[in-house]
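For reference, the chains in residue letters:
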Amino acid sequence: MNGPDAVWYLCLAAFLFCTGALGVLIRRSPLIVLLSLEIMLNGSNLALIAFARQHGREDGQIFALAVMAVAASEVVVGLGLIVAMARRRLDLDVDKLRTLRG
Amino acid sequence: MLHSWLAFLIYGFFALAIPASMMVMSFVFATRPDRRTRARTIPFESGVSKGPPDQRSFTISFYLTAMLFIVFDIEIVFLYPLAVILHQLAWFGFVEFFFFIVILAVAYVYIWRKGALEWR
Amino acid sequence: MISTPHVDWFALSPTLALLGAGAVALLGAVLVPRRARRPFGATVCAFGFVGAIAAAALVYGFSADAHGVIGAAIQRDRLGALAEMIIAGAGFLAVWTSATEPMPDDHIAEYYALLAWAGAGMAFLTTASTLMTLFLGLEWFSISLYILCAIDVDLVGSLEAGLKYLIVGGFGSAMLLFGSALVYGATGALRFGEIAHAVAAQHLSHDALLVAGLALVIGGLGFKASAAPFHMWTPDVYEGAPTPVTAFMSAATKTAALVLTLRVLVTAFPQEARLWTLAIAVIACASLAVGNLAALVQRGVKRMLAYSSISHAGFMLIAIAANNALGGRALLYYLVPYSAMSIGSFAVVAARERELNAPVTVENLAGFGWERPLLGISLSVFMLGFAGFPLTGGFVGKFYVFAAAYRHGWTWLVIVGVAATAVSLYYYLGVVRALFMRPSAELQLAPVAGGSPPSERLLQTAVTGALVVTVGSFFAVQPLIEGAKHAAGVLF
């Protein structure tokens, strides 16, 4: 097979996933948090496609396509909520959404 | 060796040539070459300049339309695999895709009647 | 020539009934005159759920032999059909509960459409038999629920609840997806059966990719089932969302997520059973501890019920951790009274909320039992059922769960469960005490409208229905366990 081994793709995918996870955990702006969620999903997509190639199967690619559509829907719902909150002039800071007593 | 990289070279050539030609042509064919040269050197996309300094916020309609666009646009990803094997799938592909389009049509009728497509 | 899969529409019929009902309700939102939207949406949605129950019952009847359909993407079996019946039943009660909820008229039909779609996604999820259909089903109902939580824009905290649920839920989904990708990488298969087959054939059971993937999948499912330590969103979202939505979420989401957890762990990872039974047992203990201890100090009834739902996730995870036929039976049985009690108690909270026009706390439940005996007695029965008193299904459910753990040889897990039950008595009985045993001088709040409380026939019907199921599941143990036995027999 030409090109790098699937391990390298997996490393990049894991890096993307961790970057996204870190972003969700430490960033406060909901927009950046949504962005980080997308990065997590795209890291997973990269892993799926690399493995599909490695195993010589197509189902991983189809899975990745479906994930793209799902991710777009999720992010649109998130953006919609943010716009609705902005219209109501609520604080756009995920830490202030509610005192976390849990 | 060269053969396997040829496709990539062609791709890279176009990737460089298209933006380069856009920038060059915006200098060559601009009608008023002396004024506003600085605005033309900054990175731009689709001709939208960075805008006036007093950052005016977009209207809600802009976000609404953009969000609707994302959702409907992304459904295109399901067309690609279908297009590749359209003839082999025959009636099965037609029925499945018809079902998919019906679901989209319901959503379309909803947003149309709801007035989300009107620019306010 | 590509071989196209045969589409078994009958196996999909419960999902399709709800999908269709949702579509009709959504079109009703724009094509039906404004005043008729609420009854139209509610009726269509209720018929959708009834249709789904009927369809799932038919699928249950005609699927004695379990088999994969539609390219083995989903499994047509009695496990999925029984879970679909529970989910659709929960949805049906939720429709009745929402009937009198004061929601703005311009969103009401969309509300019912999303309720039906969330149910459709859950019904689809319980039949999933590949990692792809698992993820799609999960996101299908999750996205519907994100919007449902945020739909009542006039309600303080509703939007926040929606956004918070979206962020935490999206995090859980991404974890599950990355875990799926790792499992796919290790085995080269997406179908549950093929994963188990590949692991057995290639001796992968200690493969780092596979084990890491399994851990991430369990974590992702833990978020959806709101099991500790993945529970932190639960109290805030349950509190902020409109109460009928909370009722539906607490019952149906748990059913879908836990049944799917059982299915994926047993069918895709039988070789890792030693690992995941232990992991699930630890998560169950954490959920019991966190849920019960935090519930002790809550004053808001919705928050208290949220923590109680975390602790019940713990009980049901004990059944999964047992990894035997008795455990499967226990889980499926437990879900029936649990769903009914959960929806019923949130429905009563919704009624009190409307009466006071304020969040319900244990204090302002004082005397409610005397004011409205039907709702008061029902809430008491639900609380006693949660605590596991006899004459309610909660007793039998707990009994079976402990029996399953004991048969697996985990006496310590039984002890943890019994201790958790003992702790839970305190706050469950606290509610009963507030309802009936407070002197009338302590009645601080009167109904805002004054006079007699509003008669809410539809809501009372929902509460009565939940009451019948809660008590009925105690007396109808035999047929229910028989059904659960057939359903769990698919896996074990």
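Keep in mind the model is a prediction, meaning the values are calculated, not measured. (Residues numbered from 1 in each chain as written. Chains lettered and ligands numbered in written order. Predicted model: local features only at pLDDT ≥ 70, side-chain atom pairs only at ≥ 80, totals over all residues.)

A.B. asks: Teacher, can you tell me more about the overall build of chain B here?
C.D. replies: Along chain B, the regular secondary structure elements total 5 helices and 0 strands. The helix and strand sequence of chain B, counted from the amino end, reads α-α-α-α-α. For chain B, the proportion of its 120 residues judged to be buried stands at 1%. (Helix = DSSP H or I, 4+ residues; strand = E, 2+ residues; numbered from the N terminus. Buried ≥ 20, exposed ≤ 12 C-beta atoms within 10 Å, placed from the backbone.)

A.B. asks: Could you clarify how one ought to interpret the overall build of chain A in this entry?
C.D. replies: A tally of helices and strands in chain A yields 3 helices and 0 strands. Its helices and strands taken in sequence order, chain A reads α-α-α from the N to the C terminus. A buried classification covers 38% of the 102 residues belonging to chain A. The contacts in chain A between residues at least 6 apart in sequence include a share of 50% that link residues at least 24 apart. (Contact = placed C-beta atoms within 7 Å.)

A.B. asks: Is there a simple way to explain unusual backbone geometry in this structure?
C.D. replies: Excluding glycine, most residues fall at negative phi; most peptide bonds, likewise, are trans. Residues and elements named next belong to chain C. Of note, the amide linkage connecting Ala-228 to Pro-229 takes the cis form, showing an omega dihedral of 0°. Following the sequence through the fold, Pro-229 ends up in the loop between α8 (208-225) and α9 (234-240). Phi angles above zero are rare outside glycine, and Ile-70 is one such case at about 55°. Secondary-structure assignment places Ile-70 in the loop between β1 (67-69) and β2 (74-76). C-beta crowding within 10 Å serves as the criterion here: with 18 such atoms nearby, Ile-70 is assigned to the partly exposed category. Look at Asn-323: it is not a glycine, yet its phi comes out positive at around 50°. Looking at where Asn-323 falls in the secondary structure, it is placed in the loop between α12 (301-322) and α13 (325-356).

A.B. asks: Teacher, can you tell me more about helix α1 (residues 9-31) of chain C here?
C.D. replies: An α-helix turns once per 3.6 residues; consequently, residues spaced three or four apart project the same way. When the terminal C-alpha atoms of α1 of chain C are compared, their 29 Å separation across 23 residues is substantially less than the 33 Å that a helix rising 1.5 Å per residue should span. Thr-15 of chain C marks the point of greatest bend in α1 of chain C, at about 45°. (Expected span 1.5 Å × (residues − 1). Bend = angle between axes of the 7 residues up to and from the residue.)

A.B. asks: Which parts of the structure should I look at to understand the interface of chain A and chain B?
C.D. replies: Interface size is often expressed as the accessible area that is lost when the parts come together. Across the boundary between the two partners, chain A contributes 12 residues, which contact 11 residues of chain B. Residue composition of the side of chain A that touches chain B, by class: 8 nonpolar, 3 polar and 1 charged. (Nonpolar A, V, L, I, M, F, W, Y, C, P; charged D, E, K, R; others polar.)

A.B. asks: What's the story with the nonpolar core in this structure? I'm lost.
C.D. replies: Side chains that are nonpolar tend, in soluble globular proteins, to be buried together. Counting residues in hydrophobic clusters, the biggest one holds 237 residues, and the most contacted among them are Ala-25, Cys-45, Leu-115, Tyr-334 and Ala-347 of chain C. If we skip the residues at most four places from it in the chain, Ala-25 of chain C touches Gly-41, Val-44, Cys-45, Ala-109, Tyr-112, Ala-113 and Ala-116 of chain C. (Core = buried A, V, L, I, M, F, W, Y, C linked by C-beta atoms within 7 Å.)

A.B. asks: It is not clear to me how the interface of chain A and chain C should be interpreted in this structure. Could you clarify?
C.D. replies: In this assembly, 33 residues from chain A lie in contact with 30 residues from chain C. Those elements giving two or more residues to the side of chain A that touches chain C turn out to be α1 (6-26), α2 (30-55) and α3 (59-87) of chain A. Counting residues per element, the side of chain A that touches chain C draws most heavily on α3 of chain A, which supplies 13 residues. Of the residues that constitute the side of chain A that touches chain C, the class distribution is 22 nonpolar, 7 polar and 4 charged.

A.B. asks: When you look at the packing of α1 of chain A against α2 of chain A in this model, what are you seeing that I'm missing?
C.D. replies: Helix-helix packing: each pair is described by the crossing angle between the helix axes and the interaxial distance. All names here are of chain A. Interaxial distance between α1 and α2 falls to 7 Å at its minimum, and their mutual angle equals 165°. By the angle between their directions, the pair α1 and α2 is classed as roughly antiparallel. As α1 packs across α2, the resulting crossing turns out to be left-handed. Here the contact of α1 with α2 is composed, by residue class, of 19 nonpolar, 8 polar and no charged. (Axes fitted to C-alpha atoms, helices over the stretch in contact; angles between N-to-C directions. Parallel < 35°, antiparallel > 145°, perpendicular 65-115°, else oblique. Left-handed = near helix turned anticlockwise from the far one by under 90°.)

A.B. asks: In this structure, what is going on with the confidence of the model for chain B? I would like to understand it.
C.D. replies: In low-pLDDT segments, the atomic positions of the prediction should not be examined closely. All names here are of chain B. In this model, chain B carries an average pLDDT of 77, and 72% of its residues clear a pLDDT of 70 or more. No element of chain B has a lower mean pLDDT than helix α2 (residues 37-41), which averages 60, and none a higher one than helix α5 (residues 86-113), which averages 88. Interface confidence in the predicted complex, given as ipTM, is 0.89; pTM for the same model is 0.88. (pLDDT = per-residue confidence, 0-100.)

A.B. asks: What exactly am I supposed to notice about helix α10 (residues 243-268) of chain C here?
C.D. replies: All names here are of chain C. Here α10 spans 36 Å end to end across 26 residues, near enough to the 38 Å set by a 1.5 Å rise per residue. Along its length, α10 reaches its greatest deviation from straightness, about 25°, at Met-249. A large share of α10 lies buried, amounting to 25 of its 26 residues.

A.B. asks: Any chance you could explain the environment of Pro-229 of chain C here in plain terms?
C.D. replies: In this structure Pro-229 of chain C comes out as exposed when scored by C-beta crowding, with 12 C-beta atoms within 10 Å. Sequence separation between Pro-229 of chain C and Leu-176 of chain C is 53 residues; the distance between their C-alpha atoms is 15 Å.

A.B. asks: What's the story with the packing of α13 of chain C against helix α16 (residues 393-407) of chain C in this structure? I'm lost.
C.D. replies: Residue and element names in this part refer to chain C. Across the interface, α13 lies against α16 with an axial gap of 8 Å and an inter-helix angle of 155°. One finds that α13 runs roughly antiparallel with respect to α16. In the packing of α13 onto α16, the handedness of the crossing is left-handed. Judged by residue contacts, Leu-326, Gly-327, Arg-329, Ala-330, Tyr-333, Tyr-334, Val-336, Pro-337, Tyr-338 and Met-341 of α13 engage Gly-393, Gly-394, Val-396, Gly-397, Tyr-400, Val-401, Ala-403, Ala-404 and Arg-407 from α16. Here the residues of the contact of α13 with α16 are counted per class, giving 13 nonpolar, 4 polar and 2 charged.

A.B. asks: Explain the environment of Gly-291 of chain C here, please?
C.D. replies: All names here are of chain C. Among the secondary structure elements, Gly-291 is positioned in helix α11 (residues 273-296). By C-beta crowding, Gly-291 is classed as buried, having 28 other C-beta atoms within 10 Å. As a C-alpha pair, Gly-291 and Ile-310 span 19 residues in sequence and 5.1 Å in three-dimensional space. Not counting residues within four places of it along the chain, the set of residues in contact with Gly-291 comprises Ala-228, Tyr-307, Ser-308, Ile-310, Ser-311 and Gly-314.

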